[in-house]
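Summary of the model geometry
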Amino acid sequence: MKELDTTIFNLKTIKLPVHEGDLLIAQPFLDEAWFSRAVISVIDYDRKDGATGVVLNNSMNYTLADVLEGVSSDAPEVPVFCGGPMSQDRLYFIHTLGSQIFAGAREYSPGLYIGGDFDAAVQYVNEGYPVDGCLRFFIGYSGWSPGQLEKEISEDTWAISPVIGEPSGLLKGEGDSYWHRIVRQLGTAYRSWRFLPRDLHAN
């Protein structure tokens with residue numbers, strides 16, 4: 001990550017241990033194309049092996065039908081999100097529907113699952129079942145080598161939070177408004193974050 005000049009603002013984060021299923025919330029001035037105002041769901045974490053996750057709120061100008069064959073023209077448009085810079089040739093999905101709906105899905109946080117039967121997920125979309133708050137597709141993912149995420153946390157790049165409220169809320173919304181909603185959930189210690197502009201020169 002690029003070094004950030006935040007000396008005139010109090011951007012110190014509350015240091016918490018990271019767990020699978022936690023959220024990483026980018027500090028306001030993170031000047032990184034992939035992670036600016038990002039909220040990341042941590043899917044795997046191990047101090048010895050590193051971490052993986054997906055950016056939840058970075059929507060792309062694509063729908064599922066644009067990037068995947070087999071999506072019915074009659075199906076509702078399903079947005080595709082950019083999960084991160086790694087494996088940009090692969091499509092992933094997370095959901096709240098569980099392994100009874102998508103066989104092989106793995107619950108990595110209470111009520112939140114990754115993967116499963118991909119054909120069943122496409123069929124679910126084609127049959128017009130609800131997607132918002134239930135199912136979200138991602139191109140690529142985010143990853144950290146051993147020690148990298150810990151270093152970034154020590155440098156106040158990320159605030160850490162468990163999931164607050166229903167997991168379905170993580171699969172609704174996008175962009176800056178999504179980031180602001182999650183920052184509000186962090187409480188008064190992070191209140192100033194919501195009033196800091198993306199561009200220091202804009203203030």
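Refer to the structure above for everything that follows.
Scoring rules and cut-offs
Residues numbered from 1 in each chain as written. Predicted model: local features only at pLDDT ≥ 70, side-chain atom pairs only at ≥ 80, totals over all residues. Heavy atoms only, no water. Core = buried A, V, L, I, M, F, W, Y, C linked by side-chain atoms within 4.5 Å. Buried < 20%, exposed > 50% of the residue type's maximum accessible area, 1.4 Å probe, protein only. Helix = DSSP H or I, 4+ residues; strand = E, 2+ residues; numbered from the N terminus. Contact = heavy atoms within 4.5 Å. Salt bridge = Lys/Arg side-chain N within 4 Å of Asp/Glu carboxyl O. Arc of directions from axis to C-beta. Phe/Tyr/Trp six-rings, centres within 6.5 Å; stacked < 30°, edge-to-face > 60°. Lys NZ or Arg CZ within 6 Å of the ring centre and 35° of its normal.

Moving on, we get to the nonpolar core. Counting residues in hydrophobic clusters, the biggest one holds 41 residues, and the most contacted among them are Ile25, Leu56, Ile94, Leu149 and Trp158. Contributions of two or more residues to this core are made by β1 (23–26), β2 (39–46), β3 (50–55), β8 (112–114), β9 (135–144), α3 (148–154), β10 (158–161) and α4 (175–185). Looking at this core, the element that brings in the most residues is β2, giving 5 residues. Filtering out sequence-adjacent residues up to four positions away, Ile94 remains in contact with Ile43, Val54, Leu56, Tyr108, Tyr113, Ile114, Cys134, Leu135, Arg136, Phe138 and Leu171. Membership of the second largest hydrophobic core comes to 17 residues, among which are Leu64, Phe93, Ala121 and Phe137.

Our next topic: the pattern of salt bridges. This model, assessed by the stated rule, comprises 5 salt bridges. A salt bridge links Asp44 to Arg106; the nearest nitrogen and oxygen atoms lie 3.0 Å apart. Taken together, the residues Asp44 in strand β2 and Arg106 in strand β7 (residues 106–109) connect sequence positions 62 residues apart. In this structure Asp44 comes out as partly exposed when scored by relative accessible area, which is 29%. According to the relative accessible area criterion, Arg106 is partly exposed, its value standing at 32%. Through salt bridges with shared partners, one network takes in Lys12, Lys15 and Asp156.

A few words on α4. Three or more residues of α4 are buried, namely Tyr178, Trp179, Ile182 and Val183. Along the axis of α4, the buried positions cluster into a sector of 135°, meaning they face one direction only. Taken together, the buried residues of α4 touch β1, β2 and β9. Remark: Gly187 follows α4 within two positions and exhibits a positive phi of approximately 95°.

The next point concerns the environment of Ser73. In this structure, Ser73 sits in the loop between α1 (64–67) and β5 (79–82). Note on Ser73: relative accessible area 73%, which makes it exposed. Note: C-alpha distance between Ser73 and Arg191 (118 residues apart in sequence) is 44 Å.

This next bit is on the packing of aromatic side chains. Overall, the coordinates contain 12 aromatic pairs when judged by the stated rule. Three or more aromatic residues joined by ring pairs form one cluster here, namely Phe93, Phe102, Phe118, Tyr124, Tyr129 and Phe137. Between Arg37 and the ring centre of Trp179, over which it is positioned, the NZ or CZ distance is 4.2 Å. Looking at Arg136, its charged tip hangs above the ring of Phe81, at a distance of 3.8 Å from the centre.

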